[in-house]
Amino acid sequence: MKRFLLVSALVLASCGRERARPAASTDLLTIGYDREPDTMNRYATHILEDIESCVVEGLVTNDEAMNIVPVLALEVPTTANGGVDLRPDGGMDVTWKLRPGITWHDGVPHTSADVKFTVDAINKGDWKPESVDGFDRISSVDTPDSLTAVVHYREVYAPYRLQFVRGTLPKHLLDGKSIDAATEYNRKPLGTGPYRVVEWKTGEHILLEGVPNYWRGAEYPKIKRLLFKFLPNTTTRINQLKSGEVQMVALVPWDKVRELRGLPAVRLNTVVGNGYEHVTLNQKHFTPFADVVVRRAMAHAIDRDLIVRSLLDNLVKVVDGPIQPLSSAYEKDVTRYEYNPARARALLDSAGWVVAGDGIRSRAGTRLAFTLITQSGFAIRENVSQALQKQFKDVGIEANVRLIDGTSISSIWFKGDFDAMLHWWQQGADPEITLFFAADRMPPAGRNINYFRDDTLTAMLYASDRTADEATRITLLKQVQKRLALFVPELPLYNTSKVDAVPATLRGFTGNPTNAGPFWNVYQWQLTAAK
Amino acid sequence: MSASAYTGVPATRAPLIAGVLLGVLLLGAALAPVLAPYAVDALDLANRRAAPSMRHWFGTDELGRDLLTRVLFGARVSLAIGLVSAMVSAAIGAAVGSIAGYAGPLADDVLMRITDAMLAIPRLPLLMIAAAVLQPSVPVLVLLVGLAGWMETARVVRAEVLSLAARDFVSAARAIGASPARVVLRHVLPGVLPAAAVATTLAVGRGILMESALSFFGVGVQPPTASWGNMLYQAQTTMTSEPWLAIFPGAMIFLTVLACNAVGDAIGAATS
Amino acid sequence: MIRFIVRRLLQSVPLLLVISLLIFALIHAAPGGPLSTYLENPNVRPEDIERLRRAMGLDRPLGVQYLSWLRAFVQGDWGFSYADGRPVLDRLVERIPATLELIGVACVMALLAALPVGIIAAINRRFDRVSSVFAVAGISLPVFWFGLLLQLVFAGALGWLPSSGRTSFDGGDVADRAAHLVLPATVLAAALSAAWSRYLRRAMRDTVARPFMRAARARGLSQRTLLLHHALPNALPTFVTVVLLDISMMASGAVVTESIFAWPGIGSLFTEALGKRDYAVLMAFLMCGSIAVMVLNLVADLAVHALDPRTRDAA
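Residues numbered from 1 in each chain as written. Chains lettered and ligands numbered in written order. Predicted model: local features only at pLDDT ≥ 70, side-chain atom pairs only at ≥ 80, totals over all residues. Heavy atoms only, no water.

## Overview of the overall build of chain C
- When helices and strands are counted, chain C shows 13 helices and 0 strands.
- When the helices and strands of chain C are read in sequence order from the N terminus, they spell out α-α-α-α-α-α-α-α-α-α-α-α-α.
- Counting only C-alpha atoms and orienting by the principal axes, one finds that chain C spans roughly 85 × 55 × 35 Å.
- Per-residue burial for chain C yields a buried fraction of 54% across its 315 residues.
- Taking the intrachain contacts of chain C between residues at least 6 apart in sequence as the baseline, contacts between residues at least 24 apart amount to 74%.
- Accessible surface, chain C: about 13,200 Å² in total, of which carbon and sulfur atoms supply 68%. (Helix = DSSP H or I, 4+ residues; strand = E, 2+ residues; numbered from the N terminus. Buried < 20%, exposed > 50% of the residue type's maximum accessible area, 1.4 Å probe, protein only. Contact = heavy atoms within 4.5 Å. Areas by Shrake-Rupley, 256 points an atom, 1.4 Å probe, with all protein chains shown as cover.)

As structure tokens, then:
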């Protein structure tokens, strides 16, 4: 009898979906956010900085086309505009010109002293910044005047443009204090951005309020208040969006997008992402992966188009390498492995892998059978891994799917203790991939968890890192991509496009492919009255 | 049980219906490879989320797999977790309970305080951590759920043993010089059985529910292995668009636990 | 009485020690650690991980970590959260009121349902049958399933109630808070009221079967009078025990409910802390949970003592 109740409830529920909700205020945007930040300090947090970036601005940010655009800086320093100087000793000086007239929310001017303080505070190492990447190559910062900061690097550091994407720390507030213990700053950071934190109710929400005299003009920000509700459970988050209790959800999981189509109050905004889903093949742990013929056969065995068409509802695009189409360094013309199981079988035959009685190939007593790990609780991955399992089986390769929770899986791959893994890398806007493919970047020294060793490639990668000339760098990185596709150390699947569900009445929203996140231009957003 | 209220079947028949239902479920689980219309891992990406039809009685899931097949194979896992973990609980609980009740105040004190301690640690959180440590496979989950559930049985058994031990026939047995082990096995345990049986039947249902709760946090049985709990978990966001994905496994859990509880109640009523 | 309490408290010390050792070992045995979440970010390099590991004291041997935790814990210093660096005590304290509110309301709801249902079921056979159907159904539903269903119907389709959260951010008056409480409290109360009403009914019936009740019946008292004036007072002590024990275990039952309804209590704090392997918060949560159950256990024993007519008459 409960079953009937259940059925009728479901019927009721589906009828009610069409019901109109009362129009929301144009002064308040309620966002369903998938987690509570650990800290609002951009340098200490280890998750996306969506909420933080509304308050604390960087010297630069990434726009919707992945260009690096100035925010608190007047311009992005380059060799062309004289902002970057290569020293004869192999070092590099970068001169940041700060935008004049900008004050912290407490009225104190934002100056080059704040830039210097930030570098010194991070390099002092007496607290827990998440990453000191780049900062540890800075020897010192000079401040010839209050709006000029000259950053001296010990060596050429190509990704310098994003060095201060996380902004600066206010010297007048934090100087002489322990930053870890600066609870007040870490909970309600002082920034220069369009919003400030007015309330952080633990476990419930963070409320941001527009500042009165934002430097871009008094008309900004257009939305007076932003409310971030913490809803870690995906179903709950989606249900709140459906019921209108929240108006926006960033990064909707692809398998949930279908549920939201046809909701009149919601617009789905899709941007190409700057990450890619792929199967890492750990050659050290499962030696047959060390044979390029096996890897090529595996690439031919998988029907990426079918997976994208069916399991991913065409929300993503098949890609062939780690650098994504939006990047200026992207190379389109690389070796492509089309779905061709016959070719896969022929390759495996040629390499001496013979089909045994159970339908799985083996060679010299080694079965072509491995464990494919992926993150549990991630419905798309659970499904894609099982589709891959079936496609591998069709050519005589056995993949045993094992799901591992998100926390455990990172420590497993970090130790290289797996055969193959379905996962993604989400990259910054800079196309540096040395960390993932250089031969000397295997764990623990890096993220080369394919354990792929290619000296030519490694040399090309390092050369690309150690040039400050953009064109040279791009040429090198394009060669890198061709070589990667040729030797296929991992199996690229598809680009991780980002789908954001926003109110249909929201204007000015663009989304963002990078980790800068969709809130990068939040000051421009505007809610219009519902039609 | 639900039948009695609405169809006028006398309530006394409810345990019978429940028993038959459990029997059918067990049989279906045992014969899953024979009964299932499709291979358990047969994907059909062209036919995803198909509604129930003559070809697929229960419809198909996200990967185009036949849901009836999944429910049948899921029954093996879910029922195994329920039944075996309940037996593990019953065995430990009966042993601890009878020793505590019969072996004197010191043993009683020590064992009951340990039981209290085990009861004291929040159970679901403990299981979630343990499952994360051991990586949840079916045998691991059976063992974990069993190890986490013996305390109630131990308490019930102890109480029964204490009251039985005071009865005349036990004192008589002791008086004629029967060994303590003999007294417990011959005279006390049989008297304890009904209570233990009730606790065990209830534990079957609890075990199945526990697995579904663990699945909710992603530490239950891991796909591609099907369990009713993880099927329900996967169906949670499509409850409105593809209700069959949630209704069938949900109904199976509900009916099984219902049947177990009804049988447990009946045993309890018959023996009290 | 005092001696009994003191003895129980003394007994609980070694038990808590064993529990703490057990859960410490268990949470540290889980793969990953507080730094795992950092690994997802490609900008965080292995050097950074090493640096953070040292900064957090995670490079010390486990035994040393346990002893330093224990020493601090008994002195009331529960350490700092690995995730946000704030004192663990603060993080727990700010969450406890929400959980107490939820559990408290759920218990009251469950008792209000269970007491009359249990008593009437003990007296009236017809009612007994109907109520038992609902009772058994109530304890047979997977909690998360029931919760999501309520959300879909009452928040989604009908739009009568908020689907989750504790307050609207600009609301917070009594009506708003009550509206937020209805669904999660109902989910928690459903299983409890079912179990409790069944328990009360059975306890009353059992009492009626006892010899002194047979004697009372022989004196010509009606079944109804017997049940209400004799069986009920006799059944109450054990009923209270069951209720108190169940309440003490709700902290863990609330984990699922709090997660579904985004309830900002300690249950959702636990889920979050487990995902981040926030050892300090996990230890504090489990220890608090264990201590709470032990205390309620003791209270239950004392309550039985106070309520039991036999011991009361003797006093």
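## Points about the nonpolar core
- B:Leu124, B:Met128, B:Trp228 and C:Ile19 are the most contacted members of the largest nonpolar core, which totals 147 residues.
- In terms of residue count, helix H12 (residues 243-271) of chain B provides more of this core than any other element does, 13 residues in total.
- A:Ile307, A:Leu312, A:Trp353 and A:Phe370 belong to the second-largest nonpolar core, a separate cluster that totals 57 residues. (Core = buried A, V, L, I, M, F, W, Y, C linked by side-chain atoms within 4.5 Å.)

## Notes on the packing of helix H8 (residues 292-301) of chain A against helix H10 (residues 341-350) of chain A
Residues and elements named next belong to chain A.
- Packing of H8 against H10 brings their axes to within 7 Å, and their N-to-C directions diverge by 165°. Judged by the inter-axis angle, H8 sits roughly antiparallel to H10. Crossing hand, H8 versus H10: left-handed. Across the interface between the two elements, Val-293, Val-294, Arg-296, Ala-297, His-300 and Ala-301 of H8 pack against Pro-341, Arg-343, Ala-344, Leu-347, Leu-348 and Ser-350 of H10. (Axes fitted to C-alpha atoms, helices over the stretch in contact; angles between N-to-C directions. Parallel < 35°, antiparallel > 145°, perpendicular 65-115°, else oblique. Left-handed = near helix turned anticlockwise from the far one by under 90°.)

## Some details on the sheet that holds strand E18 (residues 398-404) of chain A
All names here are of chain A.
- Spatially, E18-E17-E19-E13-E20 is the arrangement adopted by the 5 strands of the open sheet, whose pairing is mixed. Of all strands in the sheet, those bounded by a partner on one side alone are E18 and strand E20 (490-495). Across the sheet, the mean angle from the axis of one strand to that of its neighbour is 30°, orientation sign disregarded.
- As paired strands, strand E17 (residues 369-375) and strand E19 (residues 420-426) are joined by 3 bridges and run parallel to one another. Residue pairing in the sheet places Leu-372 in a bridge with Ala-420 of E19. (Pairing = 2+ DSSP bridges.)

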